[in-house]
Amino acid sequence: MDEQIVTIERHIVEQEREYPKATGVFSNLLYDIALAGKIIAREMTRAGLVGSLGSTGKINVQHEEQMKLDVFANQTIIRMNSFTGRLAAMASEEREDVIDIPRGYGTGRYVLVFDPLDGSSNIDINATVGTIFGVYRRRSEEGAGTLADCLQKGRDTAAAGYIIYGSSTMMVYTTGNGVHGFTLDPSVGEFLLSHPNLRIPDEPRYSSVNHAYEKFRSEGIRRFGRWLRGMDEADPQKPLSERYFGALVADFHRTLLKGGIFYYPADSRYPQGKLRLIYEANPLAFIAEKAGGYASNGRSNILDIAPRALHQRTPLFIGDRSLVEKAEEFIAEYD
Ligand code: AHM
Ligand code: MG
């Protein structure tokens, strides 16, 4: 047997060795995120037994129903990262403003942005949800991190990843040097390398969109959808099979592993798009690009957008490069 068992800790350390000036802070930050993911996964598997399913009865900053596990995941990530001295600030999809590091605890060089539990409408039906995160180097010099530290372009990401709580729990991350996937072995409590160097397959397999909102969409988007389904008479294609979880992280994970495209375009209900640029689109766009794919808002690269607000929304087309570019062509021609 010459196959190695590689834990996420070892993998992160080995990645960091590529940078001679690295101090180890960044590695420790990634372990902390992995550990938060394990705690959330543990809670999720017991949720039906310990009364953590269902809604809190409150509405969050996105004007969406807040689930008990949304709150748990958010608190876990904040508690794990507030006192380590590694971060200057955090920003969460579940919190209105920048999350400061508590007074008296040191601040560090990095900023963490996250969607603690993406796709939370899936929780109560025992379907897949996930945590999405991005790490940036702070821009401000010292002291408390600022809003500007959190409003960086996706292009400047230092690390991005997600933890997906599905039939098994997986963590996928990149520091720009390949995209790597780890599966949690619950018996030993470790994430073990299972998917090294992920690349989006050249042959696209699935398309993923919510067709219910077709009537709210523009001409270009509708024509693109028809093209994907092989219904464009001028340019008939073999239709792509469709899959839609309604949890971005799960729809993206499938797109990464199997090839194809996920899109959530702007429409008359969400003129700016529904998904959040900072917590959702940017980390996944960074991963997609490092896996040979591409993400666009329909007109330009997601990673080049300069964010103006923490909870800014964006249309998102992500996955196979040629399919995303095809969407851009339809939009440029008809919208
Ligand atoms: P959230 O659960 O963090 O609020 O994320 C929003 C979710 C995405 O995961 C998913 O892609 C999208 O909303 C699904 O929206 P819809 O139900 O309109 O298809
Ligand atoms: Mg989300």
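Everything quoted here is computed from the prediction, not taken from an experiment.

J.: Outline the packing of helix H6 (residues 248–258) against helix H7 (residues 277–290), supporting the account with residue identities and numerical values.
T.: Two quantities define a packed helix pair, namely the angle between the helix axes and the distance between the axes. Packing of H6 against H7 leaves a shortest axis separation of 12 Å and a crossing angle of 10°. With respect to each other, H6 and H7 are oriented roughly parallel. Along the contact surface, H6 presents Leu 248, Phe 252 and Leu 256, while H7 presents Glu 280, Leu 284, Ile 287 and Ala 288. In the contact of H6 with H7, the residues fall into 6 nonpolar, no polar and 1 charged.

J.: For unusual backbone geometry, give the residues involved together with the corresponding values.
T.: Here the phi dihedral of Asn 126 falls at roughly 60°; this positive angle occurs in a residue that is not glycine. Checked against the element boundaries, Asn 126 lands in the loop between strand S5 (110–118) and strand S6 (129–137). Positive phi is not limited to glycine here, since Asn 197 has a value of about 50°. By the element assignment, Asn 197 lies in the loop between strand S10 (190–195) and strand S11 (206–208).

J.: Describe the packing of aromatic side chains, with residues and values.
T.: Summed over all chains, the structure comprises 12 aromatic pairs. Centroid distance Phe 330 to Tyr 334: 6.3 Å. Interplanar angle 20°. Geometry classified as stacked. Highlighted residues: Phe 330 and Tyr 334, both in helix H8 (residues 321–334), separated by 4 residues, approximately one helical turn. Put simply, the rings of Phe 224, Trp 227, Tyr 263, Phe 317, Phe 330 and Tyr 334 pair up and form one aromatic cluster. When the ring centre of Tyr 213 is taken as reference, the NZ or CZ atom of Arg 269 above it lies at 3.5 Å. Arg 321 extends its terminal NZ or CZ atom over the ring of Tyr 294, reaching a point 4.5 Å from the ring centre.

J.: Pulling in residues and values, what's your account of the domain arrangement of the chain?
T.: We note that the domain assignment places domain 1 (8–195) and domain 2 (206–334) within the chain. The partner domain 2 presents 34 residues to the 41 residues of domain 1 that form the contact. Between domain 1 and domain 2, roughly 2900 Å² of surface is buried when both sides are summed, and carbon and sulfur atoms account for 63% of that area. The largest share of the area that domain 1 buries against domain 2 comes from Leu 151, Arg 155 and Tyr 162, three residues that together contribute 21% of it. Applying the counting criterion to the domain 1 and domain 2 interface returns 3 salt bridges. Between Glu 93 and Arg 276 there is a salt bridge whose closest N-O contact spans 3.5 Å. One can count 9 residue pairs in polar contact (both at pLDDT 80 or more) joining domain 1 with domain 2. Of all elements in the fold, only strand S3 (87–92), S5, S6, helix H4 (147–150), strand S7 (159–165) and strand S8 (169–174) reach the threshold of two or more residues within the side of domain 1 that touches domain 2. Looking at the side of domain 1 that touches domain 2 element by element, the count peaks at 6 residues for S6.

J.: Describe the site of ligand 1, naming the residues involved and giving the relevant values.
T.: Near ligand 1, the surroundings consist of 19 residues, among which Gly 119, Asn 210, Tyr 244, Leu 248 and Tyr 264 are the closest. Contact distances for ligand 1 include 3.3 Å between an oxygen atom and a side-chain N or O atom of Glu 280. When the free accessible area of ligand 1 is taken as 470 Å², the share hidden by the protein chains comes to 87%. Taken together, the elements giving at least two residues each to the shell around ligand 1 come down to S5, strand S13 (260–264) and strand S14 (275–276). Considered class by class, the residues forming the shell around ligand 1 number 8 nonpolar, 4 polar and 7 charged.

J.: Go over the coordination of the magnesium ion (ligand 2), please, and point to the residues and values.
T.: Looking at the metal site, the magnesium ion (ligand 2) is ligated by Asp 115 (OD), Asp 118 (OD) and Glu 280 (OE), spaced 1.8 to 2.2 Å from it. Written as a sequence motif, the donor residues of the magnesium ion (ligand 2) are D-x2-D-x161-E. What makes Asp 118 buried here is its relative accessible area of 4%.

J.: Before we move on, could you go through the sheet that holds strand S17 (residues 316–319) and cite the residues and values that matter?
T.: Read from one edge of the open sheet, 5 strands run S12-S11-S13-S17-S15, paired in mixed fashion. At either margin of the open sheet sits one strand with a lone partner, and together these are strand S12 (241–242) and strand S15 (294–296). The sheet contact formed by S13 and S17 spans 4 bridges and is antiparallel. When the bridges of S17 are listed, Phe 262 appears paired with Ile 318. The sheet contacts of H6 involve S11, S13 and S17, and relative to S13 the element is tilted by about 155°. The sheet contacts of H7 involve S15 and S17, and relative to S17 the element is tilted by about 30°.

Rules used in this analysis
Residues numbered from 1 in each chain as written. Chains lettered and ligands numbered in written order. Predicted model: local features only at pLDDT ≥ 70, side-chain atom pairs only at ≥ 80, totals over all residues. Heavy atoms only, no water. Axes fitted to C-alpha atoms, helices over the stretch in contact; angles between N-to-C directions. Helix = DSSP H or I, 4+ residues; strand = E, 2+ residues; numbered from the N terminus. Parallel < 35°, antiparallel > 145°, perpendicular 65-115°, else oblique. Contact = heavy atoms within 4.5 Å. Nonpolar A, V, L, I, M, F, W, Y, C, P; charged D, E, K, R; others polar. Phe/Tyr/Trp six-rings, centres within 6.5 Å; stacked < 30°, edge-to-face > 60°. Lys NZ or Arg CZ within 6 Å of the ring centre and 35° of its normal. Domains from an automatic or database assignment. Buried area = accessible area lost by both parts, 1.4 Å probe. Salt bridge = Lys/Arg side-chain N within 4 Å of Asp/Glu carboxyl O. Polar contact = N/O pair within 3.5 Å; in protein donor to acceptor, adjacent residues only side chain to side chain. Near = heavy atom within 4 Å. Areas by Shrake-Rupley, 256 points an atom, 1.4 Å probe, with all protein chains shown as cover. Donors = N, O, S within 2.8 Å, 3.2 Å for Na, K, Ca; no water. Buried < 20%, exposed > 50% of the residue type's maximum accessible area, 1.4 Å probe, protein only. Pairing = 2+ DSSP bridges.

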